[in-house]
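# Structural overview for review
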Amino acid sequence: MTVMDLSPRPVAAPLARMVAAQTSYELKAMLRNGEQLLLTLIIPVMLLTVFSLTSLLDLGEGARVDFLTPGVLALAVMSTAFTGQAIGTGFERRYGVLKRLGATPLPRSGLILAKTLTVVLVELLQAVVIIGVAFALGWNPSGHFAGAVLAVLLGTAAFSGFGLLMAGTLRAEATLAAANLVYLLLLVLGGVVFPLSKFPAAFAAVLELLPISALSGALRAVLADGVALPGAELAVLAVWAVAGLALAARFFRWE
Amino acid sequence: MAAPPALEITGLVKRYGRTTAVADLTFTAGRGEVTALLGPNGAGKTSTLEICEGYRDFDAGTVRVLGLDPRDRALRPRVGVMPQSGGVPGTAKAGEFLRLMASFHAHPLSPAALMERLGLTEHARTPYRRLSGGQQQRLSLAAAIVGRPELVFLDEPTAGLDPQARRATWDLVAELRAAGVSVLLTTHFMDEAEHLADRIVIVDGGRVVAQGAPAELTGAEHQLRFRARAGLGLDELLNALPDGSAAKESPTGHYLVEGEVGPELLATVTAWCAAHGVLAEDLRIERRSLEDVFLELTGRELRG
């Protein structure tokens, strides 16, 4: 039998090490999860490829891939920051994982930081794959990437806020259903692959205020049309981000 | 100045809506001691533990954990927590989860050694949800102590364990105690409390109904038991017994005599038996068990 020195020596690890460990754990968990990969990589790449190579959708003037890539990038951000995070965190809450982590030296702020880092790292991976596929399909982007990065960051904040709000208030099963439903609705109504111009003008004006439309619109304005800073879309995203994070901070229940 | 006790609870009250889970609870758990919180379901054990762990607010009273407010973040590395169930993601592999928990501490135990010690090595790559209930319990215990805490809270640590795993857990608790770690555990099992605890706190209805070392609780008192035909009149026996003795039939056909059980009392009982033509079967004199004390204090009706 192994002899262990059980005598107390209670010292917390440095915060950076705790956050790094938690991030690496969350990243592994996310990449191991099959449904999660379907959502974050397979569906976006499939939509990009199928609608670029076929004329199933009327995407207006210009190369199809130039229209589709920004929308698919926006979808990828939503799938990770909103859908994936809502479902993952919802079940962690349900199974008492958040409660248990609360009893460890990892502070809540450290946990939130680890979750944010995980989302950003997964988004980077998604961007690399989607942009690689897009180039292979003949994508020809224009504009400043800085504007696109800003849009992605604001979009990530907005989607994370609402994802966590859902995870921290609803039952896990309800979160699972609702997060998938919202994903599907926003995929169809948010200018991801179907241009908003195909909807009646009054309806389209309302749809433009959705966070997914603002994100896909901003990315399209930068990457397809060469706009430096798409002010209106960024403003819409900023409002969603502030609202989402404030509501999550106010109503999130850890158990 | 002496170190403050591991745990000091005074007049604790916790209500959930109209239900009072903890009503005026007071007890102290000493440093380096194993304290067992023993009580029926719904006695307020888990509520009390969760308040000590900083999870729950309470309505009145004071709680000091290692001399600090239970919500003080400074306690997190110093206190290990084993919840009653769950708390581990279903997809997490056992070894991976324990290494994650270890990484939150500067001087953790070796996760591999701890896994081996608890018989989990061959399940290191098994996802939590595929572990048996007993394996999940042991992983949870490992996670509670991997950071080398000063105080551990174990909520029903041996629930659902087979006898071997239960023994292994007992040994580990005894080792923690020997290493100077304070332990507060809840349990339904009398033998567990009797075997492990320096001090037993019996709670019922959110109150402490008795506390003390196991030997103090069971007392030096002996009791005499025998079996005989049902429905014997005991009045004459009671008259013959010294004052302060008690005799009753419970359950039917089983007789119990309590009091100053000594050679004379034994002679009195057997003389009465002889006078009434009673053959006392299974006649024995024994110390009160903790279970007797517990049932006496908390009653025999089933709890929800």
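Residues numbered from 1 in each chain as written. Chains lettered and ligands numbered in written order. Predicted model: local features only at pLDDT ≥ 70, side-chain atom pairs only at ≥ 80, totals over all residues. Heavy atoms only, no water.

### Describing the pattern of salt bridges
All names here are of chain B. Counted under the stated rule, the structure contains 20 salt bridges over all chains. When the shortest N-O distance is used, the salt bridge between E192 and R166 registers 3.7 Å. Placement of E192 in helix α6 (residues 190-196) and of R166 in helix α5 (residues 163-178) is noted, with a sequence separation of 26 residues between them. Neither residue differs from the other here; E192 and R166 are each classed as buried. (Salt bridge = Lys/Arg side-chain N within 4 Å of Asp/Glu carboxyl O. Helix = DSSP H or I, 4+ residues; strand = E, 2+ residues; numbered from the N terminus. Buried < 20%, exposed > 50% of the residue type's maximum accessible area, 1.4 Å probe, protein only.)

### Some words on the interface of chain B and chain A
One frequently used descriptor of interface size is the decrease in accessible area upon assembly of the parts. Contacts between the two partners involve 45 residues from chain B and, on the opposite side, 32 residues from chain A. A buried area of about 3600 Å², summed over both sides, lies between chain B and chain A, and 58% of it is on carbon and sulfur atoms. Interface area lost by chain B to chain A is led by Y55(B), F104(B) and R148(B), which between them contribute 21%. Joining chain B to chain A, the criterion identifies 4 salt bridges. Between K99(A) and E50(B) there is a salt bridge, with its nearest N and O atoms 2.7 Å apart. Residue assignment for the side of chain B that touches chain A shows that the elements contributing at least two residues are β5 (79-82), α2 (94-102), α3 (111-117), α4 (133-145) and α5 of chain B. Tallied by class, the residues present in the side of chain B that touches chain A amount to 24 nonpolar, 9 polar and 12 charged. (Contact = heavy atoms within 4.5 Å. Buried area = accessible area lost by both parts, 1.4 Å probe. Nonpolar A, V, L, I, M, F, W, Y, C, P; charged D, E, K, R; others polar.)

### So, helix α9 (residues 211-223) of chain A
Note: α-helices contain 3.6 residues per turn, so residues at a spacing of three or four share the same orientation. Relative to the 18 Å expected for 13 residues at 1.5 Å per residue, α9(A) spans 18 Å between its end C-alpha atoms, a close match to the ideal helical length. Burial of α9(A) is extensive: 13 of the 13 residues sit out of reach of the surface. (Expected span 1.5 Å × (residues − 1).)

### Focus: the sheet that holds strand β10 (residues 222-227) of chain B
Residue and element names in this part refer to chain B. Spatially, β11-β12-β10-β13 is the arrangement adopted by the 4 strands of the open sheet, whose pairing is antiparallel. The open sheet is flanked by β11 (246-249) and β13 (281-287), the only strands paired with a single partner. Ignoring which end each strand starts from, the neighbouring axes of this sheet average 15° apart. As paired elements, β10 and strand β12 (residues 254-259) share 6 bridges and run antiparallel to each other. When the sheet's bridge partners are listed, F226 is paired in β12 with Y255. (Pairing = 2+ DSSP bridges. Axes fitted to C-alpha atoms, helices over the stretch in contact; angles between N-to-C directions.)

### So, the pairing of strand β3 (residues 34-38) of chain B
All names here are of chain B. Of all the 5 residues making up β3, 5 are buried; the element is thus mostly covered by neighbouring parts of the structure. With 5 bridges joining them, β3 and strand β7 (residues 182-187) adopt parallel strand pairing. Following the sheet pairing, T35 is matched in β7 by L184. Alignment of β3 against strand β8 (residues 199-204), held across 4 bridges, turns out to be parallel. Bridging from a neighbouring strand, T35 pairs with R199 of β8.

### Points about a nonpolar patch on the surface
Residue and element names in this part refer to chain A. On the surface, a cluster of nonpolar side chains totalling about 460 Å² of accessible area is made up of L38, I42, M46, V50 and L56. In this structure, L38 sits in helix α2 (residues 34-53). Taking relative accessible area as the criterion, L38 reaches 41% and is therefore assigned partly exposed. (Patch = residues over 30% accessible without salt bridge, like charges linked within 9 Å, V, L, I, M, F, W, Y side chains within 5 Å. Areas by Shrake-Rupley, 256 points an atom, 1.4 Å probe, with all protein chains shown as cover.)

That is the geometry; function is a separate question.
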